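Coordinates in review
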Amino acid sequence: MKSLKTLTLLITLLICITTSAQKKTIQKEIIRKTLFDELKTNLEKQMNQLKLNGLSYAVFENHKIIHKEVIGIKASDSNELINTNTAFNTASISKPITALLCALLEEKGLIDLEAPISTYLKNWTLPESKFTTNRQISWKDLLSHTAGTSQHGFADFYEGDTIPSIIESLQGKTPRYNKEIEILFTPGTDWKYSGGGYVIVQLALEDYFKKSISKLAKEYIFNPLKLKNTTMVQPHEKGFLSNVAKVHDKNGLVIKTGLPITPQVSASGMWSTPSDMAMLCIEIQNALQNKNNTVISNKVAKRITNIVSIKTSGGASIGWARAFGFGNIDWFSHSGSNTGVGGDMMSSMTRGNGFVIFANGEKPNRFPILSYTKKEIIKLMDWENTIHKKEIKDIPSVLIESIKGNYIDFLYGEQNVTSSIVVKDNRLYLKSLIFKFFIGKDESEMVYLGHNTFKIIDYPNYIKFNLDNKNQLTGITFFRDASKKNAVTRDIKNIKL
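Each chain carries its own residue numbering, running from 1 in the written order of its sequence. Given that the model is predicted, a residue must reach a pLDDT of at least 70 before its local features are reported, and side-chain atom pairs must reach 80 or more before they are shown or counted; all residues, however, enter totals for whole chains, interfaces and linings. With hydrogens and water excluded, all non-hydrogen atoms of the structure serve as input to the side-chain values.

**Examining unusual backbone geometry**
In this structure, Asp-382 takes a positive phi of about 55° despite not being glycine. The helix count covers DSSP runs of H or I at least four residues long, the strand count covers runs of E at least two residues long, and both are numbered beginning at the N terminus. Note that Asp-382 resides in the loop between α10 (363-380) and α11 (397-403). A positive phi angle, near 55°, is found at Lys-484, a position not held by glycine. Take Lys-484: it is sitting in the loop between β14 (473-479) and β15 (488-491).

What follows is the structure in structure tokens.
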């Protein structure tokens, strides 16, 4: 009888705990809904002020999409409302999808990303260069922007324009370039963003498999993941999507037909929705944990997110940027920016959190809205990893005196951006326009971990300030983890103002 009473008491207690947890969950959902409603109201006001026609975003947490939002219209000449199935031109977000395609093909034994890409090219030859005499360019080099190739980005074309082939693009026969793509440094020794490098990848894929990249992506990614509103087919080709947002100029007017044609598909020609891209990110996150993934294996997920270089970029993997640490979280991410359209996608390496945003407007209309939306989502979702108090040390006064002051941006190597280390109540902060642009705040705290080493809250790499025996600053060393595998040191002469 006593054991029965005990069991009854335990069941009652369990019910109470469960009910309490359910109430907290419901309360949390109600609070979030209210905050998302407030965000939508604020966004509608800002979009009206900035003449941004349309915005669409999806937020995911714990590997599930928990919120979708659409605001505005597909085109100013029709006033048709955007819905969650409306696809946007994703611009450079095409690049990590191309990289994923290559990694999937490698896993099947069809290509080797470490091999020279020249052996897969049939209809065009890499230009000769002194930088490739002893080190050939691999697929991996091109996909991680460490190949040294030129041609940053490309102009769009429209129905009725003379559209160059991708070989003509590599030959420099396009509006933005008047000479063939070049190799600017020894592959693997530095980092330089290169859309042209991705065009070489596209040509190698199409030469070797005798299929368009749009067919390969559909076969290996879009169909298996059931991404029904995603395509690399272009607007003038059969099979293009019907529910799309058109591109707009800074006055909020449709640019030409509103449907840009991008022959450099691998670099910037994909169309998709925030929901589809969120599903893809969640699949990668699941694969990184090797749990609930269906198409992408743990091996491929690690392959495409493992850091190749932190030099100049802050962090680059095969296709993805590993350069941001907003909220002291390690993200794999990518942004996209074409004329009249663009967006951002950010996914945490752990916990299964992130968001995807697209907007159909030009940079002055779009950038402030994207920055505000990113900042508000991260704040609303309360995504931040705290550094344990036991790890934090008091900053020696001599170190403060040695490193405070003004610098050329040393986080991402932006020569035209200045930053400064400032002191507030014996704590250090890094003020940078980079933070202002990406997350809408001016500064981020530098947390001292000892041995002249700091962790900046909104930056992913650890930073060690190197002092000589007179406590004079000589350089800064950046590294991602304890192994210091990709460590980079910058001479203070090149960055201190």
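So much for the structure itself; the text now carries on.
**Quick look at the pattern of salt bridges**
What makes a salt bridge here is a side-chain nitrogen of Lys or Arg within 4 Å of a carboxyl oxygen of Asp or Glu, nothing more. Applying the stated rule across the entire model yields 23 salt bridges. For the salt bridge of Lys-211 with Glu-219, the shortest nitrogen-to-oxygen distance reads 2.8 Å. Residue exposure (1.4 Å probe, protein chains only): buried if accessible area is under 20% of the type maximum, exposed if over 50%, otherwise partly exposed. Glu-219 gets classed as partly exposed once you look at its relative accessible area, which sits at 38%. With a closest N to O distance of 4.0 Å, Lys-363 and Glu-362 form a salt bridge. Residues joined by salt bridges that share partners form a network here, namely Glu-106, Glu-114, Lys-140 and Arg-303.

**Side note on the packing of aromatic side chains**
Aromatic contacts are taken between Phe, Tyr and Trp rings whose centres are within 6.5 Å, Trp giving its six-membered ring; a plane angle under 30 degrees counts as stacked, one over 60 as edge-to-face, and the others as tilted. Counted according to the given criterion, the structure contains 18 aromatic pairs. One aromatic cluster in this structure is built from Tyr-120, Trp-139, Tyr-208 and Phe-209. Two conditions define a charge located above a ring, namely a distance within 6 Å from the ring centre to NZ of Lys or CZ of Arg, and an angle within 35 degrees of the ring normal. The lysine or arginine in question, Lys-484, covers the ring of Phe-479, its NZ or CZ lying 4.7 Å from the ring centre.

**Thoughts on the layout of surface pockets**
Volume-wise, the largest pocket comes out at about 1400 Å³. Lining of the largest pocket is provided by 50 residues; of these, His-152, Tyr-193, Ser-335, Glu-414 and Phe-438 occupy positions nearest its centre. Of all the elements in the fold, those that place two or more residues in the lining of the largest pocket are α7 (265-268), β5 (331-338), β6 (341-348), α10 and α12 (433-439). With six residues, β5 is the single largest residue contributor to the lining of the largest pocket. The way it works is a 1 Å grid over only the protein atoms, where trapped points that fit a 1.4 Å probe form a cavity and open points with protein on both sides within 12 Å along at least five of seven lines form a pocket, and then any residue with an atom within 4 Å of a point lines it. Grid points are joined across faces, edges and corners, and a volume is the space filled by probe spheres set on the points.

**Some thoughts on the sheet that holds β14**
One open sheet accounts for eight strands, arranged β8-β9-β10-β11-β12-β13-β14-β15; its pairing is antiparallel. Lying at the two open borders of the sheet, with one neighbouring strand each, are β8 (405-408) and β15. Shown here is a sheet whose adjacent strand axes are inclined to one another by a mean of 30°, direction ignored. For two strands to be treated as a pair, DSSP must find at least two bridges joining them. In this sheet, strand β13 (residues 462-467) lies alongside strand β12 (residues 453-456) in antiparallel orientation, the contact comprising three bridges. Bridging across to β13, Phe-454 finds its partner in Ile-463. Here an angle of 0 to 180 degrees is reported between the N-to-C directions of two axes, which are lines fitted to C-alpha atoms, with helices fitted over the stretch in contact.

**Digging into helix α5 (residues 195-209)**
One turn of an α-helix holds 3.6 residues; hence residues three or four places apart share an orientation. Here α5 contains 15 residues, and its C-alpha end-to-end distance of 21 Å stays within 8% of the 21 Å for a straight helix at 1.5 Å per residue. The element α5 is extensively covered by neighbouring structure, given that 13 of its 15 residues are classed as buried. Within two residues after α5, Lys-210 carries a phi angle of roughly 55°, on the positive side. Given the number of residues in a helix, its expected span is that number minus one, multiplied by 1.5 Å.

**Observations concerning the packing of helix α2 (residues 94-107) against α5**
Two quantities define a packed helix pair, namely the angle between the axes and the distance from one axis to the other. The interhelical angle for the contact between α2 and α5, taken along N-to-C directions, is 40°, at an axis separation of 11 Å. Classified by the angle between their axes, α2 and α5 sit oblique to one another. The two elements α2 and α5 cross, and the hand of that crossing is left-handed. Counting all contacts with α2, which are made through Lys-95, Thr-98, Ala-99, Leu-101, Cys-102 and Leu-105, the residues of α5 involved are Gly-195, Tyr-198, Val-201, Leu-205 and Phe-209. Side-chain classes are defined by residue name, with Ala, Val, Leu, Ile, Met, Phe, Trp, Tyr, Cys and Pro counting as nonpolar, Asp, Glu, Lys and Arg as charged, and the others, Gly among them, as polar. Looking at the contact of α2 with α5 residue by residue, the class counts come to eight nonpolar, two polar and one charged. Any angle from 65 to 115 degrees is called roughly perpendicular, while one under 35 is roughly parallel, one over 145 is roughly antiparallel, and all others are oblique. In this scheme the crossing of two helices becomes right-handed for a clockwise turn of the near helix relative to the far one and left-handed for an anticlockwise turn of less than a right angle. Should any heavy atoms of two residues lie within 4.5 Å, those residues are considered in contact.

**What to know about the side chain of Ser-402**
Examined against the element boundaries, Ser-402 turns out to sit in helix α11. A polar side-chain atom of Ser-402 sits 2.8 Å from the main-chain carbonyl oxygen of Val-398. Residues contacting Ser-402, with those up to four places away along its chain left out, are Leu-467, Asn-471 and Leu-473. Between N or O atoms, a polar contact is any pair within 3.5 Å; within protein, one atom must be a potential hydrogen donor and the other a potential acceptor, and residues adjacent in sequence are included only when both atoms are from side chains.

**Let's talk about the nonpolar core**
Core analysis: the largest hydrophobic core is formed by 76 residues, its most contacted members being Trp-139, Leu-205, Ile-221, Met-277 and Leu-280. Excluding anything up to four places from it in sequence, Leu-205 contacts Leu-101, Cys-102, Leu-105, Trp-139, Lys-210, Lys-211, Ile-213 and Leu-216. In this text, buried Ala, Val, Leu, Ile, Met, Phe, Trp, Tyr and Cys residues form a nonpolar core when linked through side-chain atoms within 4.5 Å. Judged by nonpolar contacts, the second largest core, of 57 residues, contains Leu-55, Trp-383, Ile-463 and Ile-495.

**A short note on the pairing of β13**
What sits between β12 and β13 in their antiparallel hairpin is a turn of five residues. In the sheet, β13 pairs with β14 via six bridges, with the strands oriented antiparallel. Paired with Phe-465 across the two strands is Ile-476, which belongs to β14.

**With respect to empty space enclosed by the protein**
Going through the model one piece at a time under the given rule, you end up with one cavity of 30 Å³ or more. Approximately 30 Å³ is the volume attributed to the largest cavity. What lines the largest cavity is Ser-56, Tyr-57, Ala-58, Lys-68, Glu-69, Val-70, Thr-84, Pro-274 and Ser-275. Of all the secondary structure elements, the ones that give two or more residues to the lining of the largest cavity are β1 (54-61), β2 (64-72) and α8 (274-289). Residues that form the lining of the largest cavity fall into these classes: four nonpolar, three polar and two charged.

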